[in-house]
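# Working through the structure, step by step
The residues making up each chain are set out below.
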Amino acid sequence: MSFLNTINGWRTKAFVWIGLPVIAVAGLMAGATDLVPAWQAKSGGGTLGTFTAVHEECGRRNCEWRGTFVADEGDARRVDVILYDAPDGVTPGATAPARDTGARAGVFSTAGGSTYLLVTGLTLAGVAAVVAWVVIIVRAIRRRREVARPATPPASFAPSA
């Protein structure tokens, strides 16, 4: 608790006033929007269909397949979506069974995967950062009020005249 009681040093101040809000916003924006769809896919919910791979986009640490999703029943179709938890061996033009649960940017492979854990972790990190930041702000406000409060005059034991 000493960290929460004393915020000294520029690194700590930068983390508290810049880092925590950034973590909160990033975690909540990236995680909370896809939290329910990821868990629905994990539990087998959503609309079943077929994902057709068009191209693979790779970043520094991972690659993701983008393509088209067509529902098995109805006319539902999504273009340029990500296949979360894509199975190994996907190539351009290959198809994979998938489910659409309303995730912002993609559909989920029916083979399963760990995307729901990643999304849950991001959301929890965002919530923890918000809670920590609010606690720190409330404590800082209380400390300032205590310092600003005028000192009470000393009690006199002398008889009044």
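Just above sits the structure.
The following paragraphs examine the structure supplied in this document. (Residues numbered from 1 in each chain as written. Predicted model: local features only at pLDDT ≥ 70, side-chain atom pairs only at ≥ 80, totals over all residues. Heavy atoms only, no water.)

## What about the pattern of salt bridges?
Side chains carrying opposite charge are able to pair once their charged atoms draw close together. In the structure shown here, the tally under the stated rule is 4 salt bridges. Here Arg66 and Glu57 are joined by a salt bridge, their closest N and O atoms 3.4 Å apart. Via salt bridges that share partners, Glu57, Arg66 and Asp80 belong to a single interconnected network. (Salt bridge = Lys/Arg side-chain N within 4 Å of Asp/Glu carboxyl O.)

## Concerning the sheet that holds strand β1 (residues 47-58)
Taken in spatial order, the 5 strands line up as β1-β2-β3-β5-β4 and close into a barrel, and their pairing is mixed. Each neighbouring strand pair of the sheet contributes to a mean axis angle of 50 degrees, computed without reference to strand direction. The sheet contact formed by strand β3 (residues 77-84) and strand β5 (residues 106-109) spans 3 bridges and is parallel. Residue pairing for β5: Tyr84 is matched across the bridge by Phe108. (Pairing = 2+ DSSP bridges. Helix = DSSP H or I, 4+ residues; strand = E, 2+ residues; numbered from the N terminus. Axes fitted to C-alpha atoms, helices over the stretch in contact; angles between N-to-C directions.)

## A closer look at the side chain of Arg99
Inspection of the secondary structure puts Arg99 in strand β4 (residues 95-100). Although Arg99 lies buried, it forms no salt bridge, and the closest oppositely charged side chain, Asp72, sits 9.1 Å away as judged by the N-O distance. Looking at Arg99, its side chain comes within polar contact range of the main-chain oxygen of Gly44, at 2.8 Å. Apart from the residues lying within four places of it in its own chain, the contact partners of Arg99 are Ala41, Gly44, Gly45, Thr47, Leu48, Phe69, Val107, Phe108 and Thr110. (Buried < 20%, exposed > 50% of the residue type's maximum accessible area, 1.4 Å probe, protein only. Lys, Arg positive; Asp, Glu negative; His and termini not counted. Polar contact = N/O pair within 3.5 Å; in protein donor to acceptor, adjacent residues only side chain to side chain. Contact = heavy atoms within 4.5 Å.)

## A short note on the packing of aromatic side chains
As enumerated under the stated definition, the model contains 3 aromatic pairs in all. Here Trp39 and Tyr116 contribute two aromatic rings whose centre-to-centre distance is 4.9 Å and whose plane-to-plane angle is 75 degrees, an arrangement assigned as edge-to-face. One end of the pair, Trp39, is in helix α2 (residues 10-42); the other, Tyr116, is in helix α3 (residues 115-148), and 77 residues separate them in sequence. Owing to a relative accessible area of 39%, Trp39 belongs among the partly exposed residues under this scheme. Measuring from ring centre to ring centre gives 5.0 Å for Tyr84 and Phe108, while their planes differ by 35 degrees; the resulting arrangement is tilted. Separated by 24 residues along the polypeptide, Tyr84 in strand β3 and Phe108 in strand β5 bring together distant segments of the chain. (Phe/Tyr/Trp six-rings, centres within 6.5 Å; stacked < 30°, edge-to-face > 60°.)

## Some thoughts on the layout of surface pockets
Its volume calculated, the largest pocket comes out at about 230 Å³. Taken together, Ala30, Asp34, Ala38, Tyr84, Asp85, Arg104, Phe108, Thr115, Leu118, Val119 and Leu122 form the lining of the largest pocket. Only α2 and α3 provide two or more residues apiece to the lining of the largest pocket. At 4 residues, α3 tops the list of elements feeding residues into the lining of the largest pocket. (1 Å grid on protein atoms, 1.4 Å probe; cavity = no way out; pocket = protein on both sides within 12 Å on 5 of 7 lines; lining within 4 Å. Points joined across faces, edges and corners; volume = space filled by probe spheres on them.)

Function cannot be read off these values alone, since they describe shape.
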